[in-house]
Structure formats: structure tokens, C-alpha cells
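Structural features, examined
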Amino acid sequence: MERSDSDADVADPGSGAVPGAPIDTTVRSAFEELVPAQAGEVALLRRKLRGWLDALPIDANSKYDITIATYEAMANTAMHAYPGRRGWVRLYADWAGDAITVTVTDTGNGIPAARSRVGKPASGGRGLSLIDEVTDQMTIDTGAHGTRVAMVWRPAALRQNTAS
């Protein structure tokens, strides 16, 4: 999906984001859930995250980027973190000031060094590259303790609303 800089200044009419309008302080500023690391569970969690995002004063493109990147991180956990055993994936999302931070955490095997380099998949998917492409910032902490993918977005609507 191609976007221009001028598009960032236009609020999505269905998003509740109106440039210069005050932020609704009744919106829940954090979302957290722990689910089994299974495909069906992370798909359901993706829909719950989207529901939380729909209440925030951000544009549709930002909601899409956040949803797709988060799902990609959770799907990686479901597919790779716990081979031959069961495990969990934790999703924590936070809206503070002009940023939305989403963290996906597991206690699985960690990402092999050859796969954790963004843009250099050893085999298979390109999920980490996609996440890196649609976030303002991404960090990965991985090892025998599991994996933590932290993603940050600074949607234009939040920057406009907090500028006053």
C-alpha cells in the first residue's frame, strides 16, 4: 500500500482521528493478553487487538500496519517458538503520548542467528523484514530465554493531537 506524506496529514473519516481535536481520555491506553501459541488463538488475538486499535484516534493505514506487523510476530511464535511442545504468546500494546508500542513475547527456543537478521531470512518467510518495513522502530531480543519483539509507531494523528 503506497502512502504519500500529504496523506499522513489527512484524518481517516472512520478512524475518529481529527487533526487538532483533543484525544478522548476514556479510551483504554493499554491492551494485554496471554494466549496459547496456536494459529487459531493468535488469529483471535489479532481481531481483539484490532478492536482496541479501532478506539484510538489513528488513521486506517496505521491500524493496518500495527495489526499486520503484530500478527506476523505472533504467527512466528505459533510456528517456530515451541517445536513439538505447547507454549504461550504474550501481547502487550500501549498508547502513550504520540506513540503506540506493541510487544510480542514468548519463552520458546529463540530465533536462530541466521533468521534474526532483518532482510536476511535463512529460509521460508519474510516476516521480520515486513515488520521492520511497517514500523517506526523494531527491536528483537532473542535467545534461550525466548523472544521479545518490540515495535513502535508514531501515527500522524497522534502527533497532531499532542502538539498543543
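Keep in mind that this is a model prediction, so the values were computed, not measured.

1. Some remarks on the overall build of the protein chain
Within the protein chain, the regular secondary structure consists of six helices and five strands. The order of α-helices and β-strands along the protein chain, N terminus first, is α-β-α-α-β-β-α-α-β-β-α. Across the 164 residues that make up the protein chain, the buried fraction comes to 36%. Across the protein chain, the fraction of contacts at a sequence separation of at least 24, relative to all contacts at a separation of at least 6, is 67%. Looking at the protein chain as shown, the accessible area adds up to about 8,800 Å², and 51% of this sits on carbon and sulfur atoms.

2. Digging into helix H2 (residues 39-54)
For H2, spanning 16 residues, the distance from its first C-alpha to its last is 23 Å, which sits close to the expected 22 Å at 1.5 Å a residue. All of the buried residues in H2 are Val42, Ala43, Leu45, Leu49, Trp52 and Leu53. Looking at the buried side of H2, the elements it contacts are strand S1 (30-36), helix H3 (60-81), strand S2 (88-96) and strand S3 (99-106).

3. Examining H3
Spanning 22 residues, H3 covers 31 Å between terminal C-alpha atoms, matching the ideal 32 Å at 1.5 Å per step. When H3 is considered as a whole, its buried residues turn out to be Ser62, Lys63, Asp65, Ile66, Thr67, Ala69, Thr70, Ala73, Met74, Ala75, Thr77 and Ala81. Packed against the buried residues of H3 are H2, S2, S3, helix H5 (127-134) and strand S5 (146-153). The opening residue of H3, the one whose side-chain oxygen lies 3.2 Å from the backbone nitrogen of asparagine 61, is aspartate 59.

4. With respect to the sheet that holds S3
Taken in spatial order, the five strands make up an open sheet running S1-S2-S3-S5-S4, and their pairing is antiparallel. Because the sheet does not close on itself, it has two edges, and the strands there are S1 and strand S4 (137-143). For this sheet the average axis-to-axis angle between neighbouring strands, irrespective of direction, equals 10°. This element, H2, spans S1, S2 and S3 of the sheet and lies at about 170° to S1. Against the sheet, H3 makes contact with S2, S3 and S5, and its axis sits at roughly 10° relative to S3, the strand it touches most.

5. Here's the deal with the pairing of S2
Residue alternation in S2 divides its side chains into a buried set, Val89, Leu91, Ala93 and Trp95, and an unburied set, Trp88, Arg90, Tyr92, Asp94 and Ala96. Two strands pair when backbone bridges link them, and S1 and S2 are joined in this way by seven bridges, in the antiparallel orientation. Across the sheet, valine 35 pairs through a bridge with valine 89, a residue of S2. Strand direction decides the pairing type here: S2 and S3, joined by eight bridges, are antiparallel. Bridging from a neighbouring strand, leucine 91 pairs with valine 104 of S3.

6. A closer look at the nonpolar core
Counting residues in each nonpolar core, the largest one holds 27 residues, and the members touching the most others are Leu49, Trp52, Ile66, Leu91, Ile100, Val102 and Met151. Those elements that place two or more of their residues in this core are S1, H2, H3, S2, S3, H5 and S5. For this core, the element with the most residues is H2, which contributes five residues. In this structure, isoleucine 100 is in contact with Trp52, Leu56, Ile58, Ile66, Asp94, Trp95, Met151, Val152, Trp153, Pro155 and Leu158, ignoring residues within four places of it in sequence.

7. As for the packing of aromatic side chains
Applying the stated rule across the entire model yields one aromatic pair. Ring centres 6.3 Å apart and planes at 35° place the aromatic pair phenylalanine 31 and tryptophan 52 in the tilted group. Taken together, the residues phenylalanine 31 in strand S1 and tryptophan 52 in helix H2 connect sequence positions 21 residues apart. Look at phenylalanine 31 and you get buried, because its relative accessible area is 6%.

What counts, and at which threshold
Residues numbered from 1 in each chain as written. Predicted model: local features only at pLDDT ≥ 70, side-chain atom pairs only at ≥ 80, totals over all residues. Heavy atoms only, no water. Helix = DSSP H or I, 4+ residues; strand = E, 2+ residues; numbered from the N terminus. Buried < 20%, exposed > 50% of the residue type's maximum accessible area, 1.4 Å probe, protein only. Contact = heavy atoms within 4.5 Å. Areas by Shrake-Rupley, 256 points an atom, 1.4 Å probe, with all protein chains shown as cover. Expected span 1.5 Å × (residues − 1). Polar contact = N/O pair within 3.5 Å; in protein donor to acceptor, adjacent residues only side chain to side chain. Pairing = 2+ DSSP bridges. Axes fitted to C-alpha atoms, helices over the stretch in contact; angles between N-to-C directions. Core = buried A, V, L, I, M, F, W, Y, C linked by side-chain atoms within 4.5 Å. Phe/Tyr/Trp six-rings, centres within 6.5 Å; stacked < 30°, edge-to-face > 60°.

Without other data, these values stay purely geometric and don't point to any function.
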